[in-house]
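# Topology and contacts: notes
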Amino acid sequence: MKKIIGLLLFLFLLHSGMHAQSPVNWSFSAQKTGAGLYEIHLTATVDEDWHLYSQTSPSGGALPTSFTFSKNPLLILQGNVKEKGKLISKYEKVFGMELKYFEGGVTFVQTVKLKAKAKTALSGSLEYMVCNDEQCLPPKTMSFTIPIQ
Amino acid sequence: MKRFTPAAVTLLLCIIAIQSFGQNEKVIKKYGVLPYNGMARILIKVPGPPTYDSVYFKNGVGIYQQDKYNGEIGWLYITDVDRNMVHYLILEKGTITITATKDSLIFVTGTPNNDALFTLDEEIEPLRMKMKTLGREVMKLRAAGENEKADKIQDEILAASKIWWDRQTQFATSNGNMAGLNYVNKLMSRFSTTDLKKILDNYKSFADRNAYRSVKNRYEAELKTDVGITPPAFTLASDKGGMISLTDIKKKLTIVDFWASWCKPCRAENPNLIALYNRWKDKGLEIVSVSIDKVADKQKWLDAIQEDKLTWLQAWDEKGTSNKDYGITAIPRTFLVDEAGKIVAKDLRGAELNKFVETYLSK
């Protein structure tokens, strides 16, 4: 029992330490935009001088942000995930290509249509990474479940 | 101890209120206020699920009455205006005044630690905006093929950036308050294990704050690879087939370099490592690059070795075990190991690394 408590405490402290250091924070919400239509907002807030990569950033360089949505019979995904933010394009000699990224923050938007009037949620995961001029954090995967309605 | 009379306390509070009001006025006068009316969110950096609060802005000024936290760090963001408007907030008890300026800067005043942040901001915010503006100019010039002009401005940016970093580092190590501790966290990777120990001593009165605990966690992880310690052993797959064991390398000085194909700052170091290796490989230098590319990215790793023309030992930490053993949370990271297998230095790059290698191998 003591071991379990010790482990939990360790994990808690480990999490708290890492939490205090992460330069990215994600928040999720759903907004109704019409009859049965919702906009899912996946918002990243990024600490100054860190870059978060666009889905359109070429794959040979830093990892572009990507989203995977779980199948839900009540939801139809409409179109691709759109990006609302100030996109910066920068040629990186190291990769020999133009990387596309955001600073400060970006909101990724996925429109969904609700097939029937019911309480449901959009689940899935996202993968992303951040770099500044001096270092990069390894790619991270994050799961989400966003209640709709 | 003399007790303050209610009148004296009221007077003191009035003086403080007027002072903070005065600073806010100063900001508006100097930078021009952004007449924003709306909400801004505050992310509170405490362990557990994301915790938020909000503040309402009227004509570019938000008054945040904070009495819950006693020295935690918050991020304020005004995404409705500009996604780049993110700023630190020290959550200490009192009335915190937040001003949004015409240039989309945020200034925070009104309580002791936020006032301390303000004095730093007055120096570094204009520098940050200058770097951004110059950065945009560089992009335009390069798009127009004006590379010489772009290079010149790039140098200007580097010079401004150095001051920007140095001022923050100075602030972090010399300010013994929550504002300083905030910057310690921000600049954590820049501090050696010895620096961290000093910092933990300086800030020990804040031992119960989360911003302190994260520094302690980092320090404890770094002790595992402290100077004088034998670092964790590894046996990893080589790019040429076969395995590479750290303990099998018996050179005078070995650089263990954690990197990945997707890490720009890591790969930007490679030309320097090539020059360094060519100069000292016959005089006792070995380099082992340890890639943390995932299994799915094996080809990207191999391609990067080819593209960057790396000629030294290339190891692949495909399972992430070395990553974990060495406490790597960000890359690049370097660990310099002597003939006896002990760490003699770490996190040296560029000119600093060159100097160390030269001194060490010239002995």
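Provided above is the structure to which this section pertains.
First, a word on what this report is: a plain description of the structure on this page. (Residues numbered from 1 in each chain as written. Chains lettered and ligands numbered in written order. Predicted model: local features only at pLDDT ≥ 70, side-chain atom pairs only at ≥ 80, totals over all residues. Heavy atoms only, no water.)

With that settled, the discussion passes to the pairing of strand E10 (residues 253-259) of chain B. On any regular strand, side chains alternate: one points to one face of the sheet, the next to the other face. Residues and elements named next belong to chain B. For E10, a buried count of seven out of seven residues is recorded, marking the element as mostly surrounded by other parts of the structure. Pairing geometry for E10 and strand E11 (residues 285-291), over seven bridges, is parallel. Across the sheet, Asp-257 pairs through a bridge with Ser-289, a residue of E11. A crossover links E10 with its parallel partner E11, the connecting element being helix H7 (residues 264-280), and its sense is right-handed. The sheet contact formed by E10 and strand E13 (residues 333-338) spans six bridges and is antiparallel. Residue pairing for E13: Ile-255 is matched across the bridge by Leu-336. (Buried < 20%, exposed > 50% of the residue type's maximum accessible area, 1.4 Å probe, protein only. Helix = DSSP H or I, 4+ residues; strand = E, 2+ residues; numbered from the N terminus. Pairing = 2+ DSSP bridges. Right-handed = clockwise from strand over helix to strand, strands pointing away.)

Looking now at the interface of chain A and chain B. At the interface, 47 residues of chain A touch 47 residues of chain B. Of the roughly 3800 Å² buried between chain A and chain B, counting both surfaces, carbon and sulfur atoms make up 53%. Where chain A meets chain B, there are seven salt bridges. With a closest N to O distance of 3.4 Å, B:Lys264 and A:Glu92 form a salt bridge. Here chain A is connected to chain B by 15 residue pairs in polar contact (both at pLDDT 80 or more). Elements represented by at least two residues in the side of chain A that touches chain B include exactly helix H1 (2-21), strand E1 (24-34), strand E2 (37-46), strand E6 (87-92), strand E8 (105-114), strand E9 (120-131) and strand E10 (136-148) of chain A. Broken down by element, the side of chain A that touches chain B gets its largest block of residues, eight residues, from H1(A). Considered class by class, the residues forming the side of chain A that touches chain B number 18 nonpolar, 18 polar and eleven charged. (Contact = heavy atoms within 4.5 Å. Buried area = accessible area lost by both parts, 1.4 Å probe. Salt bridge = Lys/Arg side-chain N within 4 Å of Asp/Glu carboxyl O. Polar contact = N/O pair within 3.5 Å; in protein donor to acceptor, adjacent residues only side chain to side chain. Nonpolar A, V, L, I, M, F, W, Y, C, P; charged D, E, K, R; others polar.)

Attention now goes to the packing of helix H5 (residues 193-202) of chain B against helix H6 (residues 210-223) of chain B. Residues and elements named next belong to chain B. It is at 10 Å that the axes of H5 and H6 come closest, and there the two elements cross at 145°. As for the relative orientation of H5 and H6, their crossing is left-handed in sense. Of the residues in H6, those touching H5 at Thr-193, Leu-196, Lys-197, Ile-199 and Leu-200 are Tyr-212, Val-215, Lys-216, Arg-218, Tyr-219, Glu-222 and Leu-223. (Axes fitted to C-alpha atoms, helices over the stretch in contact; angles between N-to-C directions. Left-handed = near helix turned anticlockwise from the far one by under 90°.)

Right, let's get into the sheet that holds E8(A). Residue and element names in this part refer to chain A. Across the sheet, four strands lie side by side as E1-E2-E8-E5; this open sheet has antiparallel pairing. Bordering the open sheet on either side are E1 and strand E5 (75-84), each of which pairs with just one other strand. Looking at each pair of strands side by side, their axes are set apart by 20° on average, direction ignored. Pairing of E2 with E8 involves nine bridges; the strand directions are antiparallel. The residue of E8 that forms the bridge with Tyr-38 is Val-112.

Okay, the sheet that holds strand E2 (residues 51-58) of chain B next. Residues and elements named next belong to chain B. Spatial ordering of the open sheet is given by E5-E4-E1-E2-E3-E6-E7, a layout of seven strands whose pairing is antiparallel. What marks the edges here is a single partner per strand, and that holds for strand E5 (86-91) and strand E7 (106-109). The average angle at which neighbouring strand axes cross in this sheet is 30°, direction not considered. In this structure, strand E1 (residues 38-44) lies alongside E2, joined through seven bridges in antiparallel fashion. Across the sheet, the residue bridging to Leu-43 is Tyr-52, located in E2. Against the sheet, helix H2 (residues 112-143) makes contact with E5, strand E6 (94-100) and E7, and its axis sits at roughly 150° relative to E7, the strand it touches most.

So, on to helix H8 (residues 298-307) of chain B. Residue and element names in this part refer to chain B. Looking only at H8, the buried set comprises Trp-301, Ala-304 and Ile-305. The arc that holds the buried residues of H8, viewed along the axis, is 100°, so those residues lie on one side. Structural note: H8 exposes Gln-306 and Glu-307 on the side pointing more than 90 degrees away from its buried face. Packed against the buried residues of H8 are strand E8 (235-238), E10, H7, E11 and strand E12 (313-316). Count one or two residues on from H8 and you reach Lys-309, which has phi positive near 55°. (Arc of directions from axis to C-beta.)

Bear in mind that shape data such as this cannot, by itself, settle questions of function.
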